[in-house]
Amino acid sequence: MSLAITFIFFIILGRLLYVQIAWGSDLKLKAQDQWNREIPIVASRGIISDTNGTVIVGNRTTYSVFLRPNAVKEKEYAATVLSGIFSLDPKTVLEKIEGNKVSEVTIARQVDREKIEKLVSYDLPGVYYSRDNTRQYAYNDALCQVLGFTSNDGSGLSGIEKYYDGILAGKNGEITYTTDIIGVETENSVVVYNEATDGNEIRLTIDMDIQLAAEDAMKSVYTSSGAKSVSCIVLNPQDFGVLAMVNYPSYDLNDVPRDDPDKLNAYSRNLLVSDIYEPGSTFKVVTAAADLEEYLNGNSKAFSPSYVFNGSRTRTVDGTKIKCWSDHSNGKHSNQTLSSALNNSCNPCFTDMALSLGSETFYKYLTAFGFGGVTGLDFNGEALGMLVPQTAVRDCDLARIGFGQTIAVTGLQLACAIAAGVNGGKYYTPHFLESVISSNGKVISEYKPVIKNQAISEKASSMLAEMLEGVVTEGSGKKAYIEGYRVGGKTGTAQKYENGHVAQGKYVSSFCGFFPANKPEYLALIVVDEPQGTYYGSSVAAPVAKEIFEDIIKIKNIQRYV
C-alpha cells in the first residue's frame, strides 16, 4: 500500500514539475493574455519614389476603430453613436457589440481625423481607435498597372506594392495595458509601448517627368485612333532600367474599383509584361541582327550588307505562300540591300535570311535576345511569350518568324531585344528597382545592372543601329524623324488572329525607336492595339514616339547634334 502511495506521489510530483518547467512560460503568457489588452501601432508603409526622389506613393494618416464587446456599458447607445458617425447599420453594430464569440471586433478602417475627434467627444467605454495608414497615390491613374495597390489592411496585392511588400511593409508595434477579466482597463493599469518599425522606401528607375509625357501621348493616340488599348515602354538601353511604362485605359489608384472584378482585372493588367502578341515587322530588327553577326563571323550562309536581294517575288515554303505587305508593283522593293529591306520592311528578304541561317543558328539568336523565356523583370506575372520549339519548327514557320509572324512576344521582351541590338549587343536584366532607402534616409542597397549575355558584337550592333537610323531618315519610320537629332527605329503592322484565323480588319500597330542612334540613351516601344481607320505602324505609332522623344529632349535639355 505504501509503495502504491509513493508511486502516485511521484507521478503527481512529476506532473507538477512538468507543468511548472515545460509549460510554465506558455501558461504565463496565457495568463498575461487574460489580463492584458493590446492596441496595435501600425507601421508606416514605405514610400515609393522615382529616380529623382519625387514621391509617387505616400501615406495619408487615417484610423481604425474597434471595440471590445465585454467592455461596452450601454450597448444600444454605443451602437447608435457608432453607426451615426461611421454611416453603418445600427442593427449590425449592435449585433457585433452583443456578440460573445470574439474579444475584439473592428468597426471601421481608414477613418479620417474629423470622425475620430467626434468619436472621442462621446467617450464610449470599450471603444478604441488606433492610427493606420491609407496609401496616397500622387498621380492618380499614372503608372497604375506598375505600382499596383494594397488591401484594406495595407498589404500589397499587385504590382510593385506586392513584389516589394516585404521591404515596404515594416513591422507593427502595440500598446499593451492591463484589464480585468472582461476587458475593462484597471484603475492602475500598466502601459507598455512597443514601437513600430516603419517600412523602407523603394526608389524606382521610373522618371515621372518622362512617365507623364508618355501618359499624355498615349491617351492622345488612344482617343484619336479609336484603339482597343495602347501601351508604351521607355527603356534606358544602357542598363535596361524602365524609365516609363504606360497601359491605357487605366484606373485611379486612389479609387480602386474593388466592387467590379471584371473592370479591375482588365484595367490593372500590365499588358506590356503579362500579354503577348505577334510583333510583325518590328521583329525584323532581330533577324537583321542575327544575319549581320553571322556575316561578321564568316558564316557563308549569311548575307553581307552589300548583298542585293531580289525582293520582287512571292515565295512558297512547305506549300505556304509568303508574300510582302506591298504588291511590289512598278518595281517596288526590287534589288534591295539589307538597309533598304529594313527601310521598306520587305518580308521576302527576311524570309531569305531566316531560311539561309537555318533553325539551329537562328534559334541561337532568338535565345540570346531573350525570346522563349522571361526577361527577369522585378514584377509578378511576366509571360513567357510563344516560340515554336526548335525540334518542331518547319521551314514555313522559320520563314514567318523571320518577319515577325508565328511568334508571340511581350512588349517588354521586344523592347529589351531591340535595346540589346543597338546598345553594343549587351542584354541586361530589365528592372524597376534603383535603390532601397531606410525611413531615416540612409541608402540600404543599390541595384547594380546585370548583363545576362552578349547577344551580338559591338560592331554588328553599330551597323544595325546605323541601318535603323536610315529607316527613320529615309524609310517607313519617317514620322519619327526629329530635325537635329539622330533617331533610329523600326515600324510594325501585324494582323491579329482569332480562333486560328486572320481577324479581318484587326491589327496591332507598333514602332520601336531610340536616340541618339550612335549611342542610345532612350528607347521607346509604342503598341496600338486595333486602331480604327489608318492602321499602319508608320502612321499610327511612329508619330507617338516622336512626340515622346521631343518631350524627353525638352525635359532633359538635350542639345542638337552638330
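Residues numbered from 1 in each chain as written. Predicted model: local features only at pLDDT ≥ 70, side-chain atom pairs only at ≥ 80, totals over all residues. Heavy atoms only, no water.

**What to know about the nonpolar core**
Okay, so step 1: Formed by 98 residues in total, the largest nonpolar core has its most connected members in Phe-369 and Phe-432.
Okay, so step 2: Considering each element in turn, this core owes the most residues, 10 residues, to helix α14 (residues 347-368).
Okay, so step 3: Each residue touching Phe-369, except ones within four places of it in the same chain, is listed here: Val-286, Ala-289, Ala-417, Ala-420, Gly-421, Tyr-427, Ala-455 and Ile-456.
Okay, so step 4: Core analysis: the second largest hydrophobic core is formed by 33 residues, Leu-243, Ala-244, Ala-542 and Ala-545 among them. (Core = buried A, V, L, I, M, F, W, Y, C linked by side-chain atoms within 4.5 Å. Buried < 20%, exposed > 50% of the residue type's maximum accessible area, 1.4 Å probe, protein only. Helix = DSSP H or I, 4+ residues; strand = E, 2+ residues; numbered from the N terminus. Contact = heavy atoms within 4.5 Å.)

**Let's talk about the sheet that holds strand β10 (residues 241-248)**
Okay, so step 1: Overall, antiparallel pairing links the five strands, which are arranged β10-β9-β21-β20-β19 in an open sheet. The open sheet has two edge strands, β10 and β19 (488-498), and neither has a second partner. For this sheet, the mean angle separating the axes of adjacent strands, direction not counted, is 10°. (Pairing = 2+ DSSP bridges. Axes fitted to C-alpha atoms, helices over the stretch in contact; angles between N-to-C directions.)

**Details of unusual backbone geometry**
Okay, so step 1: Going from Tyr-248 to Pro-249, the amide bond is cis rather than trans, its omega being 10°.
Okay, so step 2: Assignment of secondary structure puts Pro-249 in the loop between β10 and α10 (261-268).
Okay, so step 3: In this structure, the amide linkage connecting Phe-515 to the following residue, Pro-516, adopts the cis form with an omega of -15°.
Okay, so step 4: Mapped onto the secondary structure, Pro-516 falls in the loop between β20 (501-515) and β21 (522-529).

**As for the environment of Leu-355**
Okay, so step 1: Counting through the fold element by element, Leu-355 comes out in helix α14.
Okay, so step 2: According to the relative accessible area criterion, Leu-355 is partly exposed, its value standing at 22%.
Okay, so step 3: Taking the C-alpha atoms as reference, Leu-355 lies 9.7 Å from Asp-397; in sequence the two are 42 residues apart.
Okay, so step 4: Those residues in contact with Leu-355 that sit more than four places away from it in its chain are Arg-315, Val-317, Asp-395, Leu-398 and Ala-399.

**As for the packing of helix α3 (residues 75-86) against helix α5 (residues 113-122)**
Okay, so step 1: Here α3 crosses α5 at 160°, and the two axes come no closer than 10 Å. Considering their axes alone, α3 and α5 lie roughly antiparallel with respect to each other. Remark: the crossing between α3 and α5 carries right-handed chirality. Two secondary-structure elements touch here, α3 through Tyr-77, Val-81, Leu-82, Ile-85 and Phe-86 and α5 through Lys-115, Lys-118, Leu-119 and Tyr-122.
Okay, so step 2: Residues that form the contact of α3 with α5 fall into these classes: seven nonpolar, no polar and two charged. (Parallel < 35°, antiparallel > 145°, perpendicular 65-115°, else oblique. Left-handed = near helix turned anticlockwise from the far one by under 90°. Nonpolar A, V, L, I, M, F, W, Y, C, P; charged D, E, K, R; others polar.)

**Considering the state of the cysteines**
Okay, so step 1: Tallied over the entire structure, the rule returns zero disulfides.
Okay, so step 2: In this model Cys-512 remains outside any disulfide bridge; the closest cysteine sulfur is found in Cys-232, 9.8 Å from its own. (Disulfide = S-S within 2.5 Å.)

**Notes on the packing of helix α9 (residues 208-225) against helix α19 (residues 542-555)**
Okay, so step 1: Interaxial distance between α9 and α19 falls to 9 Å at its minimum, and their mutual angle equals 155°. As the angle between them shows, α9 and α19 are arranged roughly antiparallel. With respect to the hand of their crossing, α9 and α19 are arranged in right-handed fashion. On the side of α9, the interface is formed by Asp-209, Ile-210, Ala-213, Ala-214, Ala-217, Met-218 and Val-221, while α19 contributes Val-544, Glu-547, Ile-548, Asp-551, Ile-552 and Ile-555.
Okay, so step 2: Residues belonging to the contact of α9 with α19 are distributed by class as follows: 10 nonpolar, no polar and three charged.

These results come straight from atomic positions and should not be treated as a statement about function.
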